[in-house]
Amino acid sequence: MRKTTTTVLLVGALLLAGCSGSQDDSGTAAPSASDNSIAPRSSSLTANLALPVEGYIFSEAELGLLTRAMNDLAQDCMKSKGFDYRPDSTEAPDIGVMDRRYGIANSHTAAMYGYHFPIPKTGRPNTRSLGAAGSIALSGKPLADGSLNPDGGCVGQAKKRLAGKDGGFGPDQVARRINMDSFVRSEKDPRVLAAFRKWSSCMAGQGFRYASPMDAIDDPQFGAAQAGPAEISTARADVECKKKTGLVRTWFDVESAMQQTAIDKNAEELARVGRHKEDQLKRAAAELGESR
């Protein structure tokens, strides 16, 4: 599956974390993370980069903890209602959101998958259908548009228990807004646009004509189920030109400054957000019998 960077930001608002290896100069230190065969840190341009807002948004590891606790609570709730519910245990590839924030930035995944995401490891799915009654028990009655109610049923109960009385489940809106707004604004910054032109010139020198990394990753010819040779060649050149032109570091510096300004303006609110985040993680760890 291929995803645009904007989609990654929307889907990965809970996941934003700097993890993956870099060949850029040192910058803001990212949280440590183990290397892995899918997206080695040593192959990425974003390993040492961590945006200021990351302290207020759940990392992949933190989101995993929260999700496991939510699933366990929901499973116990469903059992009390007479349903044999088994949460899907499919594991998403361990790829940090920073690795895709500025388009593809990992030479290993570019060479293996082009602009596509690696296929998740298939785990234990909930093969037994819950039926209509079970679905309502799990997620509550569907909303007016037919979609699942995120606050309904056993899942909703689990989220409320983990969130506590001082806020909602997962990241607060103010941190998510800063994360999204800074990206959109940074795309239009003159320094980033100048870096785009350098990157575009580098790509043209290798026979690939795109005005920006977003144009490359969104190229319709790369819409097949799996990456072909042309896509892989383009993605590899993309990462190499980012490295040669310093685009990732330029973009990161611009966006970091924007985020820090927003954080300073919302310092009191974000202090509360940070406390609420830590409270949720402590509750999740306690539910799973883990220490934090």
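One can find the structure itself at the top, above this paragraph.
Note that the structure is predicted; figures quoted are calculated from it, not measured.

## What to know about the overall build of the chain
So, step 1. Along the backbone of the chain there are twelve helices and zero strands.
So, step 2. Going residue by residue from the N terminus, the α and β elements of the chain occur as α-α-α-α-α-α-α-α-α-α-α-α.
So, step 3. Among the 292 residues that make up the chain, the fraction classed as buried is 47%.
So, step 4. In the chain, the proportion of contacts linking residues at least 24 apart, taken out of those at least 6 apart, comes to 77%.

## With respect to the nonpolar core
So, step 1. One finds Tyr-102, Tyr-115, Trp-199, Met-203, Tyr-210 and Trp-251 to be the most contacted residues of the largest nonpolar core, which totals 32 residues.
So, step 2. Residue assignment for this core shows that the elements contributing at least two residues are α8 (190–205), α9 (213–217), α10 (229–245) and α11 (247–265).
So, step 3. The residues contacting Tyr-210, other than those within four sequence positions of it, are Trp-199, Ser-200, Met-203, Asp-215, Ala-216, Asp-219, Gln-221, Phe-222 and Thr-234.
So, step 4. In terms of nonpolar packing, the next biggest core, distinct from the first, is built from 21 residues, Leu-66, Leu-73, Met-78 and Leu-162 among them.

## Quick word on the pattern of salt bridges
So, step 1. Evaluated as defined, the whole model comprises ten salt bridges.
So, step 2. Here Asp-189 makes a salt bridge to Arg-191, at a shortest N to O gap of 2.9 Å.
So, step 3. A relative accessible area of 10% places Asp-189 in the buried class.
So, step 4. One salt-bridge network, held together by shared partners, links Asp-172, Glu-269 and Arg-272.

## Things to note about helix α6 (residues 153–163)
So, step 1. Every buried residue belonging to α6 is among Cys-154, Val-155, Gly-156, Ala-158, Lys-159, Leu-162 and Ala-163, and all of these are buried.
So, step 2. On its buried side, α6 packs onto α2 (60–80), α5 (131–139) and α12 (267–288).
So, step 3. After α6 finishes, the residue Gly-164 shows a positive phi value of roughly 75°.

## Description of the packing of α2 against α6
Each pair of packed helices can be summarised by the angle the axes make with each other and by the distance between the axes.
So, step 1. In the contact formed by α2 and α6, the axes pass within 8 Å of each other and the chain directions differ by 130°. Relative to α6, the element α2 lies oblique. Of the two elements, α2 crosses α6, and the hand of that crossing is right-handed. Counted together, Leu-66, Ala-69, Met-70, Leu-73, Ala-74, Cys-77 and Met-78 of α2 and Cys-154, Val-155, Gln-157, Ala-158, Lys-159, Arg-161 and Leu-162 of α6 form the full contact between these two elements.
So, step 2. When the residues that make up the contact of α2 with α6 are grouped by side-chain class, the tally is eleven nonpolar, one polar and two charged.

## Things to note about the state of the cysteines
As used in these notes, a disulfide is a covalent bond between sulfur atoms, one from each of two cysteines.
So, step 1. Applying the stated criterion to the full structure yields two disulfides.
So, step 2. Cys-77 shares a disulfide with Cys-154; S-S distance 2.1 Å. Judged by the torsion about the S-S bond (-65°), the Cys-77/Cys-154 disulfide is left-handed. Here Cys-77, found in helix α2, pairs with Cys-154, found in helix α6; they are 77 residues apart in sequence, far enough to count as distant.

## Re the side chain of Glu-62
So, step 1. Tracing the chain through its elements places Glu-62 in helix α2.
So, step 2. For Glu-62, a relative accessible area of 16% translates into the label buried.
So, step 3. A polar contact of 3.1 Å, which involves the side chain of Glu-62, links it to the side chain of Lys-277.

## Here's the deal with the side chain of Thr-234
So, step 1. Here Thr-234 lies in helix α10.
So, step 2. A polar contact is formed between the side chain of Thr-234 and the backbone oxygen of Ala-230, at a distance of 2.8 Å.
So, step 3. In contact with Thr-234, other than residues within four places in its own chain, are Tyr-115, Met-203, Phe-208, Tyr-210 and Phe-222.

## As for the packing of α6 against α12
So, step 1. In the contact formed by α6 and α12, the axes pass within 8 Å of each other and the chain directions differ by 115°. Together, Arg-161, Leu-162 and Ala-163 of α6 and His-276, Gln-280, Arg-283, Ala-284 and Glu-287 of α12 make up the contact between the two elements.
So, step 2. Broken down by class, the residue content of the contact of α6 with α12 amounts to three nonpolar, two polar and three charged.

Rules of the game
- Residues numbered from 1 in each chain as written.
- Predicted model: local features only at pLDDT ≥ 70, side-chain atom pairs only at ≥ 80, totals over all residues.
- Heavy atoms only, no water.
- Helix = DSSP H or I, 4+ residues; strand = E, 2+ residues; numbered from the N terminus.
- Buried < 20%, exposed > 50% of the residue type's maximum accessible area, 1.4 Å probe, protein only.
- Contact = heavy atoms within 4.5 Å.
- Core = buried A, V, L, I, M, F, W, Y, C linked by side-chain atoms within 4.5 Å.
- Salt bridge = Lys/Arg side-chain N within 4 Å of Asp/Glu carboxyl O.
- Axes fitted to C-alpha atoms, helices over the stretch in contact; angles between N-to-C directions.
- Parallel < 35°, antiparallel > 145°, perpendicular 65-115°, else oblique.
- Left-handed = near helix turned anticlockwise from the far one by under 90°.
- Nonpolar A, V, L, I, M, F, W, Y, C, P; charged D, E, K, R; others polar.
- Disulfide = S-S within 2.5 Å.
- Polar contact = N/O pair within 3.5 Å; in protein donor to acceptor, adjacent residues only side chain to side chain.

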